[in-house]
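# A closer look at the structure
Chain by chain, the residues run as shown.
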Amino acid sequence: MYQLYYAPGAASLAAHWMLIDLGVPIEAVRLDLGAGEHKRPEYLKLNPNGLVPTLVVDGTPVYECAALLLLLAERHPEAGLSPAPDSAARLAYLQWMTHLTNTVQATFRGWFHPQETAGEDVAPRVKDFARGQVELAWDRVEAQLAVSGGYIAGNAPSAADFLATMLMRWSRNMPKPATEWPAIRDYVARMKARPSFTVLYEREGLTEWA
Ligand SMILES: N[C@@H](CCC(=O)N[C@@H](CS)C(=O)NCC(=O)O)C(=O)O
C-alpha cells in the first residue's frame, strides 16, 4: 500500500500521476503548504526537509520526486516505465531523469523563489537567469525529442516522461512556456492524452494547463 503526501501542482504531481497511471491502490494525503502543514513535527518525521512529495512504501517513508518515480517504475515492471538495464533507452533514461531533477527542476527554484538566493535586491536578476536556464533546457529537450522517437528515453513512455511533463507544466506562466517548442507541444499533448492525467486533475483539483 502506498501513501502519498502531496500538494496540488507541486513536485509531488509526477509521483501522484504515475501512481494513478499504474493503477495501484493509494492513499493520497493532501498537505496545505500555505498553512505550513509540511513543517509540522509529524510530517518532518517522514521527510526532514519539510517538502512534498513523500511516499510511504509499506510503512517506510521515501522522498525526492525522481527517486519515487524510479522506485515505482522498478516495483511495477509490467507497466514498462523502466527501460531494461541492457537497452539503449536505459542510457537516455538515467541521463535525463538525473538531468531533469538536478538541473531543470532545481533551476525552477530560482524562478519561483528568486529572493531566496540573496534577497529581494537581486531577485529580478536571479529570476531572469532562471528563465534563461529553463529556456535552454527546453532547447535541449526539443533536440532530444527530435531523435528519441517521441519520448524522453526512446519511442515509448518511461518514468522520465512524468517528470518532464510536470516541469513543462510549471513553465506555463513563464514568458516562453515549454509548449512554444513544437516537438514539446506535440509531446505534451501525447502525455496529457493519458487517461490518468484527467484523473490526476480531478483528484488534485487542477484546472490550469488542462
Ligand atoms: N528535491 C525535492 C524538491 C521538492 C520541493 O521543492 N517541493 C516543494 C513543492 S514544489 C515544496 O515542498 N515546497 C515547500 C517549501 O519550500 O516550503 C523533490 O524533488 O522532491
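For the structure, see preceding data.
Residues numbered from 1 in each chain as written. Predicted model: local features only at pLDDT ≥ 70, side-chain atom pairs only at ≥ 80, totals over all residues. Heavy atoms only, no water.

### A short note on the side chain of histidine 16
Relative to the elements of secondary structure, histidine 16 occurs in helix H1 (residues 13–22). Given a relative accessible area of 0%, histidine 16 falls into the buried group. Only 2.7 Å separates the side chain of histidine 16 from the side chain of glutamate 204, close enough to count as a polar contact. Those residues within four positions of histidine 16 in sequence are excluded, and the remaining contacts are Leu4, Tyr6, Ile26, Ala28, Leu200, Arg203 and Glu204. (Helix = DSSP H or I, 4+ residues; strand = E, 2+ residues; numbered from the N terminus. Buried < 20%, exposed > 50% of the residue type's maximum accessible area, 1.4 Å probe, protein only. Polar contact = N/O pair within 3.5 Å; in protein donor to acceptor, adjacent residues only side chain to side chain. Contact = heavy atoms within 4.5 Å.)

### Some words on the site of the ligand
Around the ligand, the surrounding shell consists of Ala10, Ala11, His38, Lys39, Leu51, Val52, Pro53, Glu64, Cys65, Gln105 and Arg109. Lysine 39 has a polar side-chain atom sitting 3.4 Å from an oxygen atom of the ligand. Arginine 109 places a polar side-chain atom, nitrogen or oxygen, 3.3 Å from an oxygen atom of the ligand. Coverage of the ligand by the protein chains reaches 77% of its 520 Å² of free accessible surface. Looking at side-chain class alone, the shell around the ligand contains 6 nonpolar, 2 polar and 3 charged residues. (Near = heavy atom within 4 Å. Areas by Shrake-Rupley, 256 points an atom, 1.4 Å probe, with all protein chains shown as cover. Nonpolar A, V, L, I, M, F, W, Y, C, P; charged D, E, K, R; others polar.)

### Structural notes on the packing of aromatic side chains
Applying the stated criterion across every chain yields a total of 9 aromatic pairs. With a centroid separation of 5.4 Å and 55° between ring planes, the pair formed by tyrosine 5 and tyrosine 43 is classed as tilted. With tyrosine 5 in strand E1 (residues 2–6) and tyrosine 43 in helix H2 (residues 41–44), this residue pair connects regions lying 38 residues apart in the sequence. Tyrosine 43 sits in the buried class, given a relative accessible area of 3%. On the numbers, 5.2 Å between centres and 65° between planes, the contact of tryptophan 17 with phenylalanine 197 is edge-to-face. With tryptophan 17 in helix H1 and phenylalanine 197 in helix H9 (residues 195–204), this residue pair connects regions lying 180 residues apart in the sequence. The pair tryptophan 17 / phenylalanine 197 is uniform in exposure class, with both members buried. Ring pairs connect the aromatic residues Trp17, Phe162, Phe197 and Tyr201, which therefore count as one cluster. Of note, arginine 190 hangs over the ring of tyrosine 151, and the distance from its end group to the ring centre comes to 5.3 Å. Sitting above the plane of the tryptophan 209 ring, lysine 192 keeps its charged end 4.4 Å from the centroid. (Phe/Tyr/Trp six-rings, centres within 6.5 Å; stacked < 30°, edge-to-face > 60°. Lys NZ or Arg CZ within 6 Å of the ring centre and 35° of its normal.)

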